Amino acid sequence: MSESHQLSDLQLGLLRILWDRGEATATDVHTALLEQDRELAPTTVSTMLSRLEKKGTVTHRVEGRQFIYRALVSEDEVRRSMLSRVTDYFFGGDVSALVSHLVEDRDVDPDDVARLKQLLGQRSGEAEDDDDA
């Protein structure tokens, strides 16, 4: 499995279905996409699942004549990888610039601000602990 999981919107959509369901056939995934108003041909869904398998992000098992797919990577792994790429690409790896961009360009709920302060406080406490070691 690759450490870097850079996925398209459609690939993420397919993975979200697998994350939600645990396992699904290509037909199940196709039906779920139709319910989300994403009209794709069944063959396109099968092709995309095969491509995800070649990337190492999904696998399948055979049951009768059907392939049953499941994700090999967690949503958290993909999120971390993709955010790391965005941070490196758009902000030169500067996490504070990313956070600044996020909080300056939208209304941030006071509860979210409190949560961010809590996380940063915890993080700075961890850094101090590392310095003491």
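Right above here is the structure, for reference.
Computed from a predicted model, the values in this text were never measured in an experiment.

A. Seen up close, the packing of aromatic side chains. Using the criterion set out here, one finds two aromatic pairs in the structure. Look at Tyr89 and Phe90: their rings are 4.8 Å apart centre to centre, the planes differ by 85°, and that puts the pair in the edge-to-face class. The same class applies to Tyr89 and to Phe90, which are both exposed.

B. The arrangement of the pairing of strand E2 (residues 58-63) in detail. Two strands pair when backbone bridges link them, and E2 and strand E3 (residues 66-71) are joined in this way by six bridges, in the antiparallel orientation. Among the inter-strand pairings, Val58 is bridged to a residue of E3, identified as Ala71. Between E2 and E3, which pair antiparallel one after the other, the connecting turn spans two residues, and Gly64 there sits at a positive phi close to 65°.

C. Just the sheet that holds strand E1 (residues 24-25), in detail. A sheet is described by the order of its strands in space; here three strands give the open sequence E1-E3-E2, paired in antiparallel fashion. Each edge of the sheet is formed by a strand with only one pairing partner; in this case those strands are E1 and E2. Together, E2 and E3 form the strand contacts of helix H3 (residues 42-55), whose direction differs from that of E2 by roughly 120°.

D. Region of interest: the side chain of Gln11. Here Gln11 shows up in helix H1 (residues 9-21). For Gln11, a relative accessible area of 9% translates into the label buried. Only 2.8 Å separates the side chain of Gln11 from the backbone nitrogen of Ser8, close enough to count as a polar contact. Ignoring anything within four residues of it in the chain, the contact list for Gln11 reads Gln6, Met48, Leu52 and Lys55.

E. Structural detail: the pattern of salt bridges. Counted under the stated rule, the structure contains five salt bridges. We note a salt bridge from Arg61 to Glu63, for which the minimum N-O separation is 2.8 Å. We classify Arg61 as partly exposed; its relative accessible area is 35%. Here Arg79 makes a salt bridge to Asp76, at a shortest N to O gap of 3.7 Å. Of the two residues, Arg79 and Asp76 both sit in helix H4 (residues 75-91), three residues apart, roughly one turn of that helix. For Arg79, a relative accessible area of 43% corresponds to the partly exposed category.

F. View of H4. The end-to-end C-alpha separation of H4 is 23 Å, in line with the 24 Å expected for 17 residues at 1.5 Å each. Within the sequence span of H4, burial applies to Val78, Ser81 and Thr87. Lining the buried residues of H4 we find H1 and helix H5 (95-104). With its phi angle positive at about 60°, Gly92 sits one or two positions after the end of H4.

G. A look at the packing of helix H2 (residues 26-35) against H3. At a minimum axis distance of 9 Å, the contact between H2 and H3 shows a crossing angle of 115°. Both H2 and H3 take part in a crossing whose hand is right-handed. In this structure, H2 contributes Ala26, Val29, His30 and Leu33 to the contact, and H3 contributes Pro42, Val45, Ser46 and Leu49. Considered class by class, the residues forming the contact of H2 with H3 number six nonpolar, two polar and no charged.

Cut-off values and rules
Residues numbered from 1 in each chain as written. Predicted model: local features only at pLDDT ≥ 70, side-chain atom pairs only at ≥ 80, totals over all residues. Heavy atoms only, no water. Phe/Tyr/Trp six-rings, centres within 6.5 Å; stacked < 30°, edge-to-face > 60°. Buried < 20%, exposed > 50% of the residue type's maximum accessible area, 1.4 Å probe, protein only. Pairing = 2+ DSSP bridges. Helix = DSSP H or I, 4+ residues; strand = E, 2+ residues; numbered from the N terminus. Contact = heavy atoms within 4.5 Å. Axes fitted to C-alpha atoms, helices over the stretch in contact; angles between N-to-C directions. Polar contact = N/O pair within 3.5 Å; in protein donor to acceptor, adjacent residues only side chain to side chain. Salt bridge = Lys/Arg side-chain N within 4 Å of Asp/Glu carboxyl O. Expected span 1.5 Å × (residues − 1). Left-handed = near helix turned anticlockwise from the far one by under 90°. Nonpolar A, V, L, I, M, F, W, Y, C, P; charged D, E, K, R; others polar.

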